[in-house]
Amino acid sequence: FRDPDFIQLTDPSTGILSLLYDFIKHIPSVQEVIAAGGSLDTTFLGIVDLAKPNIILAIMAGAVQLLQTKLMTPSMPQDSQQKMMTKMVYFFPLITIFISFRLPAALPLYWTVSTAIAAFQQYLIIHIEVSFMEHMKIQTRKITKNNHKE
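Please read these numbers as outputs of a predicted model, since none were measured by experiment.

**Student:** Please clarify how the overall build of the chain should be interpreted in this entry.
**Tutor:** Summing up its helical and strand segments, the chain has 5 helices and 2 strands in all. Secondary structure elements of the chain, listed N to C terminal, follow the sequence α-α-β-β-α-α-α. Taking contacts inside the chain between residues at least 6 apart in sequence as the whole, the part at least 24 apart equals 68%. On the chain, roughly 12,500 Å² of surface is accessible, and the fraction owed to carbon and sulfur atoms is 69%.

This is the structure in structure tokens:
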């Protein structure tokens, strides 16, 4: 099954990289960048330059991550090992802020939005699940009371 015409490693113009390059080059948004001389407008809503570090977005990314951590952390008493893990979980938003100070603002913006969406989903799931379970508990009590009366 070793057909030399099937895989041509000696001629890079017919390899998969050239096909991939041609595919990417013909995407309309890439063509617009090429036509504009390779420059992009990196401002977000005309306010924040996403190509430069931004302290506000870095702090927002850490704050939203802390919010999600608070939603995930149980509020019941913990032993010493769980307390240590809780301290570490609170330390990670600080690491996020520290890293975000040095990277372009696009990354903390992405982290902020994705973490906010995840926290919102988590809140909805927990809230709906608790409400549903309380509803089922009430319904079960009604059914057992009706069965005992008969």
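**Student:** Would you explain helix 4 (residues 80–102) in this entry?
**Tutor:** Its 23 residues place the ends of helix 4 34 Å apart at the C-alpha level, agreeing with the 33 Å of an ideal helix rising 1.5 Å per residue. Here helix 4 has its buried residues at Thr-86, Pro-93, Thr-96, Ile-97 and Ser-100.

**Student:** How should I be thinking about the pattern of salt bridges in this particular structure?
**Tutor:** Side chains that differ in sign of charge can pair as their charged atoms come close. Here the structure, examined in full by the defined rule, presents 1 salt bridge. Between Lys-52 and Asp-49 there is a salt bridge, with the nearest N and O atoms lying 3.9 Å from each other. Residue class for Asp-49 comes out partly exposed when judged on its relative accessible area of 25%.

**Student:** Explain the side chain of Gln-122 here, please?
**Tutor:** Relative to the assigned elements, Gln-122 resides in helix 5 (residues 106–149). With a relative accessible area of 18%, Gln-122 lands in the buried category. Excluding its chain neighbours within four sequence positions, the residues that come into contact with Gln-122 are Gln-68, Leu-71 and Met-72.

About the criteria used
- Residues numbered from 1 in each chain as written.
- Predicted model: local features only at pLDDT ≥ 70, side-chain atom pairs only at ≥ 80, totals over all residues.
- Heavy atoms only, no water.
- Helix = DSSP H or I, 4+ residues; strand = E, 2+ residues; numbered from the N terminus.
- Contact = heavy atoms within 4.5 Å.
- Areas by Shrake-Rupley, 256 points an atom, 1.4 Å probe, with all protein chains shown as cover.
- Expected span 1.5 Å × (residues − 1).
- Buried < 20%, exposed > 50% of the residue type's maximum accessible area, 1.4 Å probe, protein only.
- Salt bridge = Lys/Arg side-chain N within 4 Å of Asp/Glu carboxyl O.

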